[in-house]
Amino acid sequence: MINQGLLIKPEFDNINKYLQSGEKTLITEKIKEISKNITGNTHGMLVKQILIWMHKNTTRLHNSGDNRKFKRTATEILESRERTGCCDSSTLFTALARSKYIPTMQIITLSKNWTKQLEKGEKIGTQGHYFVACYLKDITGKYDWIRIDSDRDVQDVRDVRLNRFNRENRNIDENYYAFAYVRDYSDVNFNGIKIDSIENMSKIQIAAYEQCNVKGLSYRDEIEI
C-alpha cells in the first residue's frame, strides 16, 4: 500500500481492534436496544438489515453547513434520528454493526475532483466521503474485508452493495482516495488537529493530499459479492 498521505494505516489482521468502541462509536444501552431487533441469517444479510433500518428510521439531511457535522456520537445521532452526512452515517452504522459483533472500520477519503480544483488554486472547502469496511463471512465460510457505502440510500436488500476490495489499493472507487482507516474518526490527530469541525476536516484533507503520491490516484475496479 502506498504510504504517502496515509495518516492512519489499516490493520487488516488486527480484527479485535475494530470491535472496540471509540469516542464517537461507543456502544450504549440505546444502541444495544435498537440492534437487538435487527436480525439476519448471514453476516451479509445482517449488514444489509442494519443499513435498511438506518435509512428507514433516520433522515439524511443535505445541509452542508450544519454545525453538528463531525461532532456527535452514534447515540446522539440515533436519538436525533437525523444524519448530517456521510460521517454520521458511518458512525451510526459502525456502532450498530459492532454491537452485533461485526468488526467494522471507518474509511475516510478525499474527493479526486476536489484535488483537481486544489491543483488549479481554487479556494474550496472539504470534499470527501466516509465509507465503512466490515469483516464478514461469505457463503463458503471464508472471511474478508468488505467495503460498504453506509450513506447510500437503500430501501431493501437489493439496494445494498457489498464490495470486496483490494487491501493494497487506496482508491476506494473512481471518485475517492482513502487517507485514514480508523477504528473511530476521533482517533485522527494530525499535528494537533482533530476532525471536530468542518474547518478542521478540510485542513486534515489538505494536509493528507499534500503528502500524497498523486500517481497512486488511479482506479481499479472491484468485485461485488
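Residues numbered from 1 in each chain as written. Predicted model: local features only at pLDDT ≥ 70, side-chain atom pairs only at ≥ 80, totals over all residues. Heavy atoms only, no water.

## Observations regarding the packing of helix 2 (residues 43-57) against helix 4 (residues 86-99)
- Between helix 2 and helix 4, whose axes approach to 10 Å, the crossing angle comes to 135 degrees. Classified by the angle between their axes, helix 2 and helix 4 sit oblique to one another. Regarding helix 2 and helix 4, the two cross each other, and that crossing is right-handed. Contacts from V47, I50, L51 and M54 of helix 2 reach helix 4 at S89, L92, F93, L96 and A97. (Axes fitted to C-alpha atoms, helices over the stretch in contact; angles between N-to-C directions. Helix = DSSP H or I, 4+ residues; strand = E, 2+ residues; numbered from the N terminus. Parallel < 35°, antiparallel > 145°, perpendicular 65-115°, else oblique. Left-handed = near helix turned anticlockwise from the far one by under 90°. Contact = heavy atoms within 4.5 Å.)

## Side note on the packing of aromatic side chains
- A complete count under the given rule lists nine aromatic pairs for this structure.
- Seen in terms of ring centroids, F131 and Y176 are 5.8 Å apart; in terms of plane orientation they differ by 70 degrees. Their pairing is edge-to-face. Taken together, the residues F131 in strand 4 (residues 130-137) and Y176 in strand 7 (residues 176-182) connect sequence positions 45 residues apart.
- Three or more aromatic residues joined by ring pairs make a cluster, and in this case those are F12, Y18, Y135, Y143, W145, F165 and Y181. (Phe/Tyr/Trp six-rings, centres within 6.5 Å; stacked < 30°, edge-to-face > 60°.)

## Examining the side chain of D173
- Tracing the backbone shows D173 in the loop between strand 6 (163-164) and strand 7.
- No salt bridge is formed by the buried D173; the nearest opposite charge belongs to R147, separated by 5.1 Å. (Buried < 20%, exposed > 50% of the residue type's maximum accessible area, 1.4 Å probe, protein only. Lys, Arg positive; Asp, Glu negative; His and termini not counted. Salt bridge = Lys/Arg side-chain N within 4 Å of Asp/Glu carboxyl O.)

## Digging into the packing of helix 5 (residues 112-119) against helix 6 (residues 198-211)
- Direction vectors running N to C along helix 5 and helix 6 enclose 80 degrees, while the axes themselves pass 12 Å from each other. When the axes of helix 5 and helix 6 are compared, the pair comes out roughly perpendicular. Where helix 5 abuts helix 6, its residues W114, T115, L118 and E119 lie against Q205, I206 and Y209.

## Description of helix 2
- Relative to the 21 Å expected for 15 residues at 1.5 Å per residue, helix 2 spans 21 Å between its end C-alpha atoms, a close match to the ideal helical length.
- Of the positions making up helix 2, those classed as buried are G44, L46, V47, K48, I50, L51, I52, W53, M54 and H55. (Expected span 1.5 Å × (residues − 1).)

## Concerning the environment of K112
- When you line up the elements, K112 lands in helix 5.
- Distance from K112 to D184, taken between C-alpha atoms, is 23 Å for residues 72 residues apart in sequence.

## Remarks on the state of the cysteines
- Going through the model one piece at a time under the given rule, you end up with zero disulfides.
- C87 takes part in no disulfide bond, and the closest cysteine sulfur to it belongs to C86, at a distance of 6.8 Å.
- Taking relative accessible area as the criterion, C87 reaches 4% and is therefore assigned buried.
- Among the cysteines around C134, which has no disulfide bond, C86 carries the closest sulfur, lying 16 Å off. (Disulfide = S-S within 2.5 Å.)

## Details of the pattern of salt bridges
- Summed over the entire model, instances satisfying the criterion amount to twelve salt bridges.
- The partner of D13 in a salt bridge is R167, and the shortest N-O contact between them spans 3.5 Å. Residue D13 is located in the segment before helix 1 (29-35), and its partner R167 is located in the loop between strand 6 and strand 7; the two are separated by 154 residues in the primary sequence.
- A salt bridge links R167 to D144; its shortest N-O distance comes to 3.8 Å. You can see R167 sitting in the loop between strand 6 and strand 7 and its partner D144 sitting in strand 5 (residues 143-148), a full 23 residues away along the chain.
- Owing to a relative accessible area of 28%, R167 belongs among the partly exposed residues under this scheme.

All we've got here are geometric facts, nothing functional implied.
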